[in-house]
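# Remarks on the overall topology
The chain contents come next:
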Amino acid sequence: MLEKIFDSPAQFLLNKGLDTASVRNRVIADNIANVSTPGFKRREVIFEENIQKVLEKDEIHDKLKITDSRHMQIMESQAYNQLEPEIRIMNDLSYRNDENNVDIDVETAKMAKNKVFYDALGQSMSNEIRLLRMAITGRG
């Protein structure tokens, strides 16, 4: 019973998002650290595309009737397993002679964006826990 309360789809997605933001921060920091390494190819964390793929599956959309396109569906447990961050090496063209394709300005902008993403997810998780506490205790 308690597992259903503490493992809701919203909390699961928030946890996965926080984990992904942490992995993404490490990958961006590694890219920045290797900005002067000849031949280094930058890496990116792919997660949002994986969520989109899982949410677009037919078996998920058949579970509940939705009245608005913005409604989220409850995911099956096998769909949970597909939601993992993926690290891809970006072998795109380099404008530098040493074949390194890291742009320090792009990476620092990505790090700032990731921090905002992480902070927003942390606030959302805090709100989820606050709502659970309110439901359990009956007071704010």
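Not measured: the values here are computed from a predicted model.

Conventions and cut-offs
- Residues numbered from 1 in each chain as written.
- Predicted model: local features only at pLDDT ≥ 70, side-chain atom pairs only at ≥ 80, totals over all residues.
- Heavy atoms only, no water.
- Helix = DSSP H or I, 4+ residues; strand = E, 2+ residues; numbered from the N terminus.
- Buried < 20%, exposed > 50% of the residue type's maximum accessible area, 1.4 Å probe, protein only.
- Areas by Shrake-Rupley, 256 points an atom, 1.4 Å probe, with all protein chains shown as cover.
- 1 Å grid on protein atoms, 1.4 Å probe; cavity = no way out; pocket = protein on both sides within 12 Å on 5 of 7 lines; lining within 4 Å.
- Points joined across faces, edges and corners; volume = space filled by probe spheres on them.
- Nonpolar A, V, L, I, M, F, W, Y, C, P; charged D, E, K, R; others polar.
- Contact = heavy atoms within 4.5 Å.
- Axes fitted to C-alpha atoms, helices over the stretch in contact; angles between N-to-C directions.
- Parallel < 35°, antiparallel > 145°, perpendicular 65-115°, else oblique.
- Left-handed = near helix turned anticlockwise from the far one by under 90°.
- Salt bridge = Lys/Arg side-chain N within 4 Å of Asp/Glu carboxyl O.
- pLDDT = per-residue confidence, 0-100.

## A closer look at the overall build of the protein chain
On a plain count of helices and strands, the protein chain comes out with 6 helices and 2 strands. When the helices and strands of the protein chain are placed in sequence order, the string is α-α-β-α-α-α-β-α. With 140 residues in all, the protein chain has 26% of them scored as buried. Surface accessibility of the protein chain: about 9,600 Å² in total, with carbon and sulfur atoms responsible for 56%.

## Some details on the layout of surface pockets
Estimated volume of the largest pocket: approximately 340 Å³. Looking at the largest pocket, it is lined by 17 residues, and the ones nearest its centre are R24, V45, E48, K110 and K113. At the level of secondary structure, the elements contributing two or more residues to the lining of the largest pocket comprise helix 2 (9-33), strand 1 (43-46), helix 3 (48-55) and helix 6 (104-137). Ranked by residue count, the leading element in the lining of the largest pocket is helix 6, at 5 residues. For the lining of the largest pocket, the class distribution of residues is 6 nonpolar, 2 polar and 9 charged.

## As for the side chain of K16
When you line up the elements, K16 lands in helix 2. Setting aside its immediate chain neighbours within four residues, K16 contacts F47, L83 and E84.

## Describing the packing of helix 2 against helix 6
In the contact formed by helix 2 and helix 6, the axes pass within 9 Å of each other and the chain directions differ by 160°. By the angle between their axes, helix 2 is roughly antiparallel relative to helix 6. Note on packing geometry: the crossing formed by helix 2 with helix 6 is left-handed. The class makeup of the residues in the contact of helix 2 with helix 6 is 14 nonpolar, 9 polar and 4 charged.

## Focus on the pattern of salt bridges
Enumeration according to the criterion identifies 10 salt bridges in this entry. D119 is the partner of K115 in a salt bridge, and the nearest nitrogen-oxygen pair spans 2.6 Å. One end of the pair, K115, and the other, D119, are both in helix 6, 4 residues apart, so they sit about a helical turn from each other. Judged by relative accessible area, which is 39%, D119 ranks as partly exposed. Salt bridges sharing partners connect three or more residues here, namely R42, E44, D92 and K110.

## Here's the deal with the confidence of the model for the protein chain
If pLDDT is low for a region, its predicted coordinates should not be looked at in detail. This prediction gives the protein chain a mean pLDDT of 83; 79% of its residues lie at or above 70. Looking over the protein chain, one finds the lowest element-wise mean pLDDT in helix 4 (residues 58-61), namely 48, and the highest in strand 1, namely 95.

## Quick notes on unusual backbone geometry
In the Ramachandran plot, E99 falls in the positive-phi region, its phi being about 65° despite a non-glycine side chain. Checked against the element boundaries, E99 lands in the loop between strand 2 (86-89) and helix 6.

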